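For reference, the chains in residue letters:
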Amino acid sequence: MEADEGSGESAVDTRDEWTLLAWTALAVVVPVIITLWCSVQRSKRKMLIKDIFRRSKHGWHYTDLFNKPTYCYVCSQHIMQGAFCDCCGVCADEQCLRRADRSLPCKEIMAPAQPDGTLAHHWVRGNVPLCSYCAVCKQQCGTQPKLCDFRCVWCQTTVHDDCKPGLQDQGRCDLGEFRSLIVPPHYLHRVNKLRRGQTEEYSKLVAACGSGWTPVLVLANTRSGNNMGEVLLGEFRTLLNPVQVFDLSQLPPAKALQLCVLLPPGSVRVLVCGGDGTVGWVLDAIDTMKLKGQEQFAPRVTILPLGTGNDLSNSLGWGAGYAGEIPVEQVLRNIVEAEVVKMDRWKVQVASKGYYNFRKPKVLSMNNYFSVGPDALMALNFHAHREKTPSLFSSRIINKAVYFFYGTKDCLVQECKDLDKRIELELDGERVPLPSLEGIIVCNIRYWGGGCPLWEGMGDEPCPPTRLDDGLLEVLGVFGSFHCAQIQVKLANPVRLGQAHTVRLVLKSSRMPMQVDGEPWAQGPCTITITHKTQALMLYHCAEQTDDDDDDNSSSSETEGPKQPVPSGGGSGAP
């Protein structure tokens, strides 16, 4: 009996173990299967959405959370996540996305005009901008918690549902406040119909757009600085014709600027959203246009600074960095009010030395500065680490912190010491004796090192003022990284070596870090010759002065006299 009872208990225990094992396996396998199924469904959903986005005429973007109360344009229901078009503003949830894509037209970049030659309003209902007002009754629009009221995607006019029949414009759209900057879709449609050589008809089309028509092209580098380029592309597409807005990560500036040939000669303005390197890229493309005989179509260039240094932007009055502090509407108003100035561009020719070196000299374009020494070393180290891990360098603050780290390191190591023994300097053919320096900086603009007025310095001794268009370069020396830091916080002055039309440097021995406009490299023995290349047409903004600028101007005016009404310059310490 005892044996039978023992065998029965062991069988029960074995059954319990198998039951526990089965439930454990089920508890593990079922969540894994559910997770895999959800992953497959999520992948299918993303592929479906991407396919819709790829085929669509809308500029769809998916978001997990809208930043304001938003309603679907198809089902009229409140939605938290979904897709929106950054051209016309249409919004839809995932279930209604395909229907919205088929039934709701987007902004047409090229379309025929009405029989009377005007453009018709393109109304989109609901989700009007916050704090918008009705064009008829002047009361606020979009206050009801539902899909209501209308907005024209071209002139940005908003109107209540009940007030829409009371509009006095009879359905004609005048393109709104920024009509002088917008390329009308009917203009491109008519240009497309013209045959080559019909210059008279082309002149009539230009005259129909008004004498004050100065269309603007927006070229944004989405990889610059604090990654605001993607957001700015959408905001400018909303206000302008989407054909005027280009992403430089997808289309080089040389191809984007081909649109200038279809627009009035000498009236096009280009807004470059990026750092100083992006501006140089665009200016090189404009030089290529001139070489092709298209100089009459060369645009005027302005800057929305998204980079780290932004010294060229600062010198032209557009600020040391943009972080969304002013709306894009104000940016466009500033472009309308800006004045055209000329800026010198320079050719940097680097001829390497050596018995068996038969390569052609390296030729670079310079807008801001050329330097050899500690600031070039910091840029070289920064550039090397950014190439290895680009995802870590997506913030302007992080970039400047990395620069600070390498500057502190060089203060201890002093890799560029005894520069005066390894290099010779000639200004306009005359040899210049050098003190015990670690670096030489050749500047074309006023600011250097992220906003430091290098040539004027602290104003403790008289010096001729810098100008963008005088054909002169300012040549200065620094004693090391610590001296550079002192200059940036206005505790010291650089060594002013002189001004010249032509600068020649001879590196006699060893390798030294060099940079042109933030693009660094390590260079062996060579001869560097900097000569005038051409002049670019830039837009200068008379921004409000800060207290520091007032102090600089007052101190420099005591020694120099009145300032010229042309913006003046100094180089950049970061790319």
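Because the structure is a prediction, the values reported are computed rather than measured.

Draft legend 1. Looking closely at the overall build of the protein chain. Across its full length, the protein chain holds 14 helices and 28 strands. For the protein chain, the residues scored as buried account for 47% of the 575 residues in total. Put simply, of all contacts in the protein chain between residues at least 6 apart along the chain, 71% involve residues at least 24 apart. Element-wise, carbon and sulfur atoms account for 55% of the exposed surface of the protein chain, whose accessible area totals about 28900 Å².

Draft legend 2. Representation of the state of the cysteines in the model. Here the structure, examined in full by the defined rule, presents 0 disulfides. Cysteine 75 carries a free sulfur, and the closest cysteine sulfur to it, the one in cysteine 72, is 3.6 Å from it. Here cysteine 88 stays unpaired: no disulfide links it, and the sulfur of cysteine 85, its closest cysteine neighbor, is 3.6 Å away.

Draft legend 3. Here's a closer look at the pattern of salt bridges. Counted under the stated rule, the structure contains 12 salt bridges. Where aspartate 287 meets arginine 345, a salt bridge forms, and the shortest distance between an N and an O atom there is 2.2 Å. In this pair, aspartate 287 is assigned in helix H7 (residues 276–291) and arginine 345 in strand S15 (residues 339–352), connecting sequence segments 58 residues apart. You'll find aspartate 287 and arginine 345 in the same group, each marked buried. Here the salt bridges share partners, and the residues they tie into one network are Asp284, Asp287, Arg345 and Lys533.

Draft legend 4. Up close: helix H9 (residues 328–337). Within the span of H9, buried status applies to Val328, Val331, Leu332, Asn334 and Ile335. Projected down its long axis, H9 shows its buried positions confined to an angular sector of 155°, all on one face. Along its buried surface, H9 packs onto strand S11 (216–220), helix H5 (229–239), strand S13 (269–274), strand S14 (300–305) and strand S28 (526–540).

Draft legend 5. Main features of the sheet that holds strand S5 (residues 91–92). Taken together, 3 strands build an open sheet; the order of strands is S1-S4-S5 and the sheet is antiparallel. Pairing within the sheet leaves two strands with one partner each, and these edge strands are strand S1 (60–63) and S5. Direction of pairing for S1 relative to strand S4 (residues 82–85): antiparallel, over a ladder of 4 bridges. For tryptophan 60, the partnering residue across the bridge sits in S4 and is cysteine 85.

Draft legend 6. Summary view of the UniProt feature "transmembrane region" (unreviewed entry) in the protein chain. Taken from the UniProt record, the annotation "transmembrane region" (unreviewed entry) applies to residues 20–40. Span residues 20–40 is 100% helix and 0% strand, its end C-alpha atoms 30 Å apart.

Draft legend 7. Helix H13 (residues 481–488), seen in detail. When H13 is considered as a whole, its buried residues turn out to be Ser481, His483, Cys484 and Ile487. Along the axis of H13, the buried positions cluster into a sector of 160°, meaning they face one direction only. Lysine 490 occupies a position one or two residues after H13 and carries a positive phi of about 65°.

Draft legend 8. Representation of the environment of leucine 437 within the structure. Inspection of the secondary structure puts leucine 437 in the loop between strand S19 (430–432) and strand S20 (439–443). According to the relative accessible area criterion, leucine 437 is buried, its value standing at 1%. Placed 16 residues apart in sequence, leucine 437 and lysine 421 show a C-alpha to C-alpha distance of 9.0 Å. In contact with leucine 437, not counting residues within four places along its chain, are Cys416, Asp418, Leu419, Asp420, Gly477, Val478, Phe479, Val495 and Leu497.

Calculation criteria
Counting starts from 1 at the beginning of each chain's written sequence and moves along it residue by residue. Under the rules for a predicted model, residues below a pLDDT of 70 receive no local features and side-chain atom pairs below 80 are neither given nor counted, while totals for whole chains, interfaces and linings still include all residues. Processing note: side-chain calculations cover all non-hydrogen atoms of the structure and skip hydrogens and water entirely. By the criteria applied, helices consist of DSSP H or I runs no shorter than four residues and strands consist of E runs no shorter than two, each listed in order from the N terminus. When accessible area is computed with a 1.4 Å probe and restricted to protein chains, residues below 20% of their type maximum are described as buried, those above 50% as exposed, and intermediate ones as partly exposed. Pairs of residues are marked as contacts when any of their non-hydrogen atoms sit within 4.5 Å. Using the Shrake-Rupley algorithm and a 1.4 Å probe, accessible areas are obtained, with residue cover drawn only from the displayed protein chains. Disulfides are defined as pairs of cysteine sulfur atoms found within 2.5 Å of each other. Salt bridges are defined by distance alone: a side-chain nitrogen of Lys or Arg within 4 Å of a carboxyl oxygen of Asp or Glu. Directions pointing from the helix axis toward each C-beta atom define the arc. Should DSSP find at least two bridges between two strands, the strands are taken to pair. UniProt positions are given in the numbering used here, feature names are shortened, and annotations may be inferred rather than shown by experiment.

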